Amino acid sequence: MQLDAFNQLTPSQREALLFDCCHCQKWANTLAAQAPFNSLRALIEQGQTLFSQMGEAEILEAFKGHAKIGDIELLKSKYAGKAMNEQGQVMAASEQTIQQLWALNTQYEAQNGFIFIVCATGKSASEMLHLLKQRINNDRQTELNNGAAEQNKITAIRLTNLIHSEG
C-alpha cells in the first residue's frame, strides 16, 4: 500500500492496519487519528513517540500480540535443520539451543509476568539465546523498557512492510 492510500483510509481502517503492526488498541487508535502523514519516516517516528508515552498496561497489551519465542514447535519449524547464513557461516540451530531457548523463555516469563520480546528479524536462534541470557537477570522494569524498545523496532519493520515507498 502506498502512503497516500493509507492516508485516505477511514480512521477505523487505518486503526485496524496499525493494530496489526502493534497490538495496542490505544496506540493504533491514537496514531490512526493523526493522519495524514507526509512520509513513512514521519509515521514511524510518530508511532515510536506515541508508544513511548504508553503506560505499562498498553505495553503489555502490545506484548500479548507476539508468539512466545520459547515455543519449541515454532523454533523447530523456523530453525531446526534449516541452513542459515550468519556472518558468512552456514549454520542451523541445534536441538540443545532450541531447548535452552524454551527453558530460559519459560523462566523469563515466570520472573517478569510477560514474554521475552526481541526483534528477531535476521537473528539466528543462537543470537536470540545469547540476548536472552544477557537479559534474564535484569529487573522487571528494565525488561519492560527493553521489551518496549524491541517492540518499537518490530513495529517499524511492520510499518515499513505495510507502507511501500513511492516509485
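Refer to the structure printed above.
The written sequence of each chain sets the order in which its residues are numbered from 1. Only residues with pLDDT of at least 70 get local features here, since the model is predicted, and only at 80 or more are side-chain atom pairs given and counted; chain-wide, interface and lining totals rely on the full set of residues. Working from all heavy atoms in the structure, the side-chain values ignore hydrogens and water.

**Examining the overall build of the chain**
Here is step 1 of the chain: The helix and strand labels rest on DSSP assignments: H or I over at least four residues marks a helix, E over at least two residues marks a strand, and numbering proceeds from the N terminus. For the chain, the count of helices and strands is nine helices and two strands.
Here is step 2 of the chain: When the elements of the chain are put in sequence order from the N terminus, they spell out α-α-α-α-α-α-β-β-α-α-α.
Here is step 3 of the chain: Counting all 167 residues of the chain, 41% fall into the buried class.
Here is step 4 of the chain: A sequence separation of at least 24 residues applies to 68% of the contacts in the chain between residues at least 6 apart. The rule is simple: take the accessible area with a 1.4 Å probe, protein chains only, and divide by the maximum for that residue type; under 20% is buried, over 50% is exposed, in between is partly exposed. Residue contacts follow a heavy-atom distance rule, with two residues in contact if any of their heavy atoms lie within 4.5 Å.

**Structural notes on the nonpolar core**
Here is step 1 of the chain: Among the nonpolar cores identified, the biggest contains 43 residues, and Phe 6, Leu 18, Trp 27, Leu 43 and Phe 51 are the most heavily contacted of them.
Here is step 2 of the chain: Only helix H1 (3-8), helix H2 (11-21), helix H3 (25-33), helix H4 (40-52), helix H5 (56-63), helix H7 (95-112), helix H8 (125-135) and helix H9 (140-162) provide two or more residues apiece to this core.
Here is step 3 of the chain: The element best represented in this core is H9, accounting for six residues.
Here is step 4 of the chain: Not counting the four nearest positions on each side in its chain, Leu 43 is found in contact with Phe 6, Leu 18, Leu 31, Phe 37, Leu 159 and Ile 163. As used in this record, nonpolar core signifies buried Ala, Val, Leu, Ile, Met, Phe, Trp, Tyr and Cys residues forming a set joined through side-chain atoms within 4.5 Å.

**What to know about the packing of aromatic side chains**
Here is step 1 of the chain: Classification of ring pairs rests on two measures: the distance between centres of Phe, Tyr or Trp rings, Trp counted by its six-membered ring, which must be within 6.5 Å, and the angle between planes, read as stacked under 30 degrees, edge-to-face over 60 and tilted in between. Within the structure shown, the criterion is met by three aromatic pairs.
Here is step 2 of the chain: When the ring of Tyr 108 is compared with that of Phe 114, the centres are 6.0 Å apart and the planes differ by 80°; the resulting orientation is edge-to-face.
Here is step 3 of the chain: For Tyr 108, a relative accessible area of 0% gives the class buried.
Here is step 4 of the chain: When the ring of Tyr 108 is compared with that of Phe 116, the centres are 5.2 Å apart and the planes differ by 80°; the resulting orientation is edge-to-face.

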